[in-house]
Amino acid sequence: MKILVSDQISELGVAKLREKAVVDVCTDLTPDQLVARIPEYDALVVRSSTKVTRQVLEAGVNLKVVGRAGVGVDNIDVEAATQRGIIVINAPEGNTISAAEHTIAMMTALARNIPAASQSMRCHEWKRSKFMGVELFKKTLGLIGLGRIGSEVVKRAKAMGMDILAYDPYISAERAEKLGVTLTTTEEIYRKADFITMHTPLTKATYHMIGEKELAMMKDGVRIINCARGGLIDEAALYAALKSGKVAGAALDVFEQEPVVDNPLCELENVILTPHLGASTEEAQVNVAVQVAEQVINALTGEPLLSAVNVPVIPPETLADVKPFIPLMRVLGSFYTQVFNGQVEAVEILYSGEIADYPVAPLTNSFLIGLLSVILHENINYVNAPVIARQRGIRVREVASRTVENFTNLITVNVKTSEGIRTIAGTLFNKNDVRIVQIGKYRIEVVPSNYMLVTTYIDMPGVIGRFGTTLGNNNINIAGMQVGRQSIGGEAVMVLQVDSPVPEHVLEQLQVGAILTTRFVRLDQL
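Residues numbered from 1 in each chain as written. Predicted model: local features only at pLDDT ≥ 70, side-chain atom pairs only at ≥ 80, totals over all residues. Heavy atoms only, no water.

K.L.:
How would you summarise the overall build of the protein if you had to cite specific residues and measurements?
P.N.:
Counting its secondary structure elements, the protein contains 18 helices and 22 strands. The C-alpha radius of gyration of the protein comes to 26 Å, within 12% of the 24 Å expected for a compact globule of 526 residues. Principal axes of the C-alpha set define a box for the protein whose edges measure 85 × 65 × 45 Å. Once local pairs closer than 6 in sequence are excluded, the contacts in the protein between residues at least 24 apart make up 64%. Across the protein, the 50 positively charged side chains and the 57 negatively charged ones have centroids separated by 4 Å. (Helix = DSSP H or I, 4+ residues; strand = E, 2+ residues; numbered from the N terminus. Rg over C-alpha atoms; globule rule 2.2 N^0.38 Å. Contact = heavy atoms within 4.5 Å. Lys, Arg positive; Asp, Glu negative; His and termini not counted. Charge placed at Lys NZ, Arg CZ, Asp CG, Glu CD.)

As structure tokens, this is what we get:
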């Protein structure tokens, strides 16, 4: 086997590759030179500098795997790789400890004014009283996000004797209990926490999740640490809160605009700033290199993979029969997460009919991919989906039964959450037409589309008409509609397919009168 390493990675990673293969390290190739050389290699290992384009992948006639020594794969054309059957591998956990330790370091430095005190000493000053700090012992730490990094921060904060609150709507109560964490709301964290740390992806929903309103809710003298993503905190609002003394201090490793050139936060003495150093440790760089090297070798030798981005694991002999159900399961998972509330604790999937005779693990993984992709906004794939579910304390159970009524095949998913058990079910018509046939307690037949509105309401005259009028007044066209109910005049569900996204202000306009809930659902899988 021949492997090309085209970016600088740890020598330990290169050594791991050389245990099993011939390795060439060429870190100064131009794009044309890479295209010229790649045909002779079975694997390519990169960091962020090399752009693995469609042209490179098409030239790699012997290429079987691309390994990224790091987390992001935005420099790799994953779609083109998938089309050519090339496995793409990354190292998502290599920097977990480094990022967690950086968070703790920033929190400790903030509590004891270490950077400012050090700078004062460099100016030949001795002003002990100016740098009076606070202990972490018995203080309340509030975490926004309890994934891999957040969980590691918890372990270290508990060792310091801190009381810990956490908000993560997708972590089960059982998992939180094992960590010794009290799950709660963001509002309670804002009211009670002495320190707040951020551990969540940046999405439309989390952009500026801490702004003027949230800062006003916090305890006077709160300290905020963000080593996750720039944009989670409204920097202008934070600046004002720091100037007023509402926020005693902030420690930031990430910013809305990077690199930082002209940021007012740099002017404040009660702010600690670092240039996105969360993963910048020798160990993290070794970890990502060794992890990706091990996975590249596994991919080349047919061993199980732990961090593949694009590997479907369906036995070839059952591919034709099972493959049509994959988009159904991803739709059900994504649809469920966007419609229902509650921390997911367990998932039971009942496969009924002919599908019960086939290996269903790939379909279960497809459901988890849909479910977790909405939650985490990461590269969730057939390999890592069950691992991530277990890490988040989500129990998964499969039940197969040949018995089914009214359908050739029916897949029913019962999800146990902190708010009860919620059900969603689907099937295929004509072998490949996806249908959702149950939402909660309602029987219904829904044709999924890219943009949908799911609404519960009191079944009474005029409700649907007023709903449609509001959408029309906002220039949103309705492409289709299905309704389901259990009794006349009771609660009912309405699903609308629409031709464009529905903005938040329109959702607020819809939430009136007999309308109980309205959720906008976006299905990118279609």
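K.L.:
How would you summarise the pairing of strand 18 (residues 442–446) if you had to cite specific residues and measurements?
P.N.:
Here strand 18 shows a buried face lined by Tyr442, Ile444 and Val446 and an unburied face lined by Arg443 and Glu445. With three bridges connecting them, strand 17 (residues 433–439) and strand 18 associate as antiparallel partners. Looking at the pairing, Ile436 lines up with Val446 of strand 18. Counted between consecutive antiparallel strands, the loop separating strand 17 from strand 18 contains two residues, among which Gly440 sits at a positive phi close to 65 degrees. (Buried < 20%, exposed > 50% of the residue type's maximum accessible area, 1.4 Å probe, protein only. Pairing = 2+ DSSP bridges.)

K.L.:
Give me a nonpolar patch on the surface: which residues, what numbers.
P.N.:
Residues Ile464, Ile478, Met481 and Val483 make up a contiguous nonpolar surface patch of about 290 Å² in total accessible area. Tallying contributions element by element places strand 20 (residues 478–485) first for the nonpolar patch, with three residues. Considering the arrangement of structural elements, one finds Val483 in strand 20. Owing to a relative accessible area of 43%, Val483 belongs among the partly exposed residues under this scheme. (Patch = residues over 30% accessible without salt bridge, like charges linked within 9 Å, V, L, I, M, F, W, Y side chains within 5 Å. Areas by Shrake-Rupley, 256 points an atom, 1.4 Å probe, with all protein chains shown as cover. Salt bridge = Lys/Arg side-chain N within 4 Å of Asp/Glu carboxyl O.)

K.L.:
Got a sec to walk through the layout of surface pockets? Specific residues and values, please.
P.N.:
By volume, the second largest pocket amounts to about 530 Å³. Along the wall of the second largest pocket there are 24 residues; nearest its centre are Asn113, Ala116, Phe131, Glu269 and Asn270. The set of elements that each furnish at least two residues to the lining of the second largest pocket consists of helix 6 (114–122), strand 11 (247–252) and strand 12 (271–273). The biggest single contributor to the lining of the second largest pocket is helix 6, with five residues. (1 Å grid on protein atoms, 1.4 Å probe; cavity = no way out; pocket = protein on both sides within 12 Å on 5 of 7 lines; lining within 4 Å. Points joined across faces, edges and corners; volume = space filled by probe spheres on them.)

K.L.:
Lay out the pairing of strand 1 (residues 2–5) in plain terms, naming residues and giving numbers.
P.N.:
Examined bridge by bridge, strand 1 and strand 2 (residues 22–25) share four bridges and lie parallel to one another. The residue bridging Lys2 from the neighbouring strand is Val22, located in strand 2. Inspection of the sheet shows strand 1 paired to strand 3 (residues 43–46) by three bridges, in the parallel sense. When the bridges of strand 3 are listed, Leu4 appears paired with Leu44.

K.L.:
Mind laying out the packing of helix 5 (residues 96–112) against helix 7 (residues 148–159), listing which residues take part and the relevant values?
P.N.:
Across the interface, helix 5 lies against helix 7 with an axial gap of 8 Å and an inter-helix angle of 50 degrees. Judged on the interaxial angle alone, helix 7 and helix 5 are oblique. As for how helix 5 packs across helix 7, the hand of that crossing is right-handed. Only Arg148, Ile149, Glu152, Val153, Arg156 and Ala157 of helix 7 make contact with helix 5, whose side of the interface consists of Thr96, Ile97, Ala99, Ala100, Glu101, Thr103 and Ile104. A class-by-class count of the residues in the contact of helix 5 with helix 7 yields seven nonpolar, two polar and four charged. (Axes fitted to C-alpha atoms, helices over the stretch in contact; angles between N-to-C directions. Parallel < 35°, antiparallel > 145°, perpendicular 65-115°, else oblique. Left-handed = near helix turned anticlockwise from the far one by under 90°. Nonpolar A, V, L, I, M, F, W, Y, C, P; charged D, E, K, R; others polar.)

K.L.:
Can you explain empty space enclosed by the protein? Please cite residues and give values.
P.N.:
According to the stated counting rule, one finds one cavity of 30 Å³ or more in the structure shown. The volume enclosed by the largest cavity comes to roughly 50 Å³. If you trace the largest cavity, you find it lined by Asn226, Gly230, Gly231, Leu232, Ile233, Glu235, Leu238, Leu252 and Val254. When its residues are assigned to classes, the lining of the largest cavity shows five nonpolar, three polar and one charged.

K.L.:
Before we move on, could you go through helix 15 (residues 361–376) and cite the residues and values that matter?
P.N.:
For helix 15, spanning 16 residues, the distance from its first C-alpha to its last is 21 Å, which sits close to the expected 22 Å at 1.5 Å a residue. With 13 of 16 residues buried, helix 15 lies mostly within the body of the structure. (Expected span 1.5 Å × (residues − 1).)

K.L.:
Let's hear about helix 5: which residues, and what values?
P.N.:
With 17 residues, helix 5 extends 25 Å between its outermost C-alpha atoms, agreeing within 8% with the 24 Å of an ideal straight helix rising 1.5 Å per residue. With respect to burial, helix 5 is a largely interior element, twelve of its 17 residues being buried. Residues Thr96, Ser98, Ala99, Ala100, His102, Thr103, Ile104, Met106, Met107, Ala109, Leu110 and Ala111 constitute the buried set of helix 5. Downstream of helix 5 by one or two residues, Asn113 has phi in the positive range, about 55 degrees.

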